[in-house]
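Structure at a glance
The lines below spell out each chain.
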Amino acid sequence: MEFDLKTIEALAPDQASLSAASKLTKRSNWPRLERNEQQALIWGECQGSGSNPYRVVVDTGDHGYKCTCPSRKFPCKHTLALMWIAATAPVSFAAAESTPEWVNDWLGRRRKTTPAPAQSIPAAAVKSIDEAARADESVAVEDVAAVERREAAQRKRAEDTRQAVSAALDELDQWIADQLRLGLSSFIEASSDRCRRIAARLVDMKATALAGRVDEIPSRLMALRSEERPDAAIRELGKLVLLAKAWRSAPDDPELKRLVSTSETREQVLANPDARQVESFWEVLGEKIESRRDGLVSHSTWLLDLKSTIPQFAVLLDYFPASAGRRSNAFAPGDRFDARLVFYPSRKPLRALVAERMGEVMSGAWPDFTFGAAKDPLATHASHQEAAPWTTDCPLILPPGAILVDDRGTGWWQAADDAQGIALPIAGAVNQTLLGLDLAATAALWDGARLDLLAAQSGFGRLDLS
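Heads up: these notes are all about the structure in this document. (Residues numbered from 1 in each chain as written. Predicted model: local features only at pLDDT ≥ 70, side-chain atom pairs only at ≥ 80, totals over all residues. Heavy atoms only, no water.)

**A word on helix 14 (residues 379-387)**
For helix 14, the complete set of buried residues consists of His-381, His-384 and Gln-385. Taken around the axis of helix 14, the buried residues stretch over an arc of 100°, which confines them to a single face. In this structure, the buried residues of helix 14 make contact with helix 11 (229-249), strand 11 (394-398) and strand 15 (439-446). (Buried < 20%, exposed > 50% of the residue type's maximum accessible area, 1.4 Å probe, protein only. Helix = DSSP H or I, 4+ residues; strand = E, 2+ residues; numbered from the N terminus. Arc of directions from axis to C-beta. Contact = heavy atoms within 4.5 Å.)

Structure below.
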């Protein structure tokens, strides 16, 4: 680890980058830190609020570096933070058994350079990194009156937000009543314009998360056949009514605030003593990427707990601007890794953060989930609806079955046990090579109308269906 604080000071583009880097040196920000002494490399993954952490690699020999963040400063704060950890806490880096593919790709495309000597950058160009650290750790002395004024202002902002959201939900209730009064057929035909208008009003009244959900109703309806849309519209509007009612009864509930207004930050979730934590082996079942009408892209990465004897899931959820283009993913379907996940507080915890990633896990079959003869494949969905009836996508592990296609081209998952007579429709087109295969277990998302397939286990091993 050929780094010292003076070297990092010389490499930093400005004082602001040093200050920002100092805040990222906590071990909780880095689920993965590894080194390769022979190649003089260190690398890590710095977790932000989204599901995909930024990947950072540094050559400790010539101080070359690469980070996947979009910063225009070189080196960025993530790179400086990785160097800082190497200089102050080198034991944080685990010895890697192999070099990740993304690191090898960077090595293959770069050309070694000789680093500029640290003394070539005037010391006056930036403040001492030691001073930056001390400034970051220092606590400004405030008088009691200033603290009280700040806390009072925070309470007022919270109360103003609560009142605005309450008014937004009242307006939403009236809007839903108007849609039902005008008729479902009329609503479905004009859903795009109507939902866009009420979503804009909800944004103005600080119900931002709820606005995004309302704005996506038309796309969910249009994905169904015309005869299925009235029932789906009733489901969607009914879930909104239930969510609004639940918020009014518990406006400070973390889950309800997350679904109606704003979500917690990563730091708040990790610091929450009530947040559920699970350290286990995880498999990436698949991902779901959707372009939203508000200009954002929703990226969901679904995970399966490989140590649990009953199906347990987690989802890593990320949002980013569509204008940013497709981003490199930290995970690929089929990946397996050992990690500690922290779940957002919820009645049925699903959304999670990767708090710490320990390493990769060998591939193999899923746990032997037991499916009784009378097992209802939608029992998990029913349980989720009972606890939180406003939820949409519910992850399932389906018992043995097969994928078929009817005369209209609709795909169906059908249970292998004919006595059950259970068949569930599949969203989207079905890969013809999957038809008729005996599937020992299938992972999918159920939204109340269609299955969104993720992965399956068969005699051929794991099948990627997402």
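Continuing now.
**What to know about the nonpolar core**
By size, the foremost hydrophobic cluster in this structure holds 33 residues, and its most contacted members are Leu-172, Trp-175, Phe-187, Leu-202, Leu-210 and Leu-240. Of all elements in the fold, only helix 6 (144-182), helix 7 (184-189), helix 8 (191-204), helix 9 (208-215), helix 10 (217-222), helix 11 and helix 12 (254-260) reach the threshold of two or more residues within this core. When residues of this core are assigned to their parent elements, the largest contribution, eight residues, is made by helix 11. (Core = buried A, V, L, I, M, F, W, Y, C linked by side-chain atoms within 4.5 Å.)

**Some thoughts on the pairing of strand 9 (residues 336-343)**
Of all the eight residues making up strand 9, seven are buried; the element is thus mostly covered by neighbouring parts of the structure. Taken together, the seven bridges between strand 6 (residues 277-291) and strand 9 define a ladder with antiparallel strand orientation. By the bridge assignment for strand 9, Gln-277 is matched with Val-342. In terms of strand pairing, strand 9 meets strand 10 (residues 352-360) through seven bridges, oriented antiparallel. Across the sheet, Phe-337 pairs through a bridge with Glu-360, a residue of strand 10. (Pairing = 2+ DSSP bridges.)

**Considering the packing of aromatic side chains**
For the structure on display, the rule yields two aromatic pairs. Seen in terms of ring centroids, Trp-175 and Phe-187 are 5.9 Å apart; in terms of plane orientation they differ by 80°. Their pairing is edge-to-face. With Trp-175 in helix 6 and Phe-187 in helix 7, this residue pair connects regions lying twelve residues apart in the sequence. Owing to a relative accessible area of 10%, Trp-175 belongs among the buried residues under this scheme. Judged by centre distance (4.9 Å) and plane angle (20°), the ring pair of Phe-331 and Phe-337 falls under stacked. (Phe/Tyr/Trp six-rings, centres within 6.5 Å; stacked < 30°, edge-to-face > 60°.)

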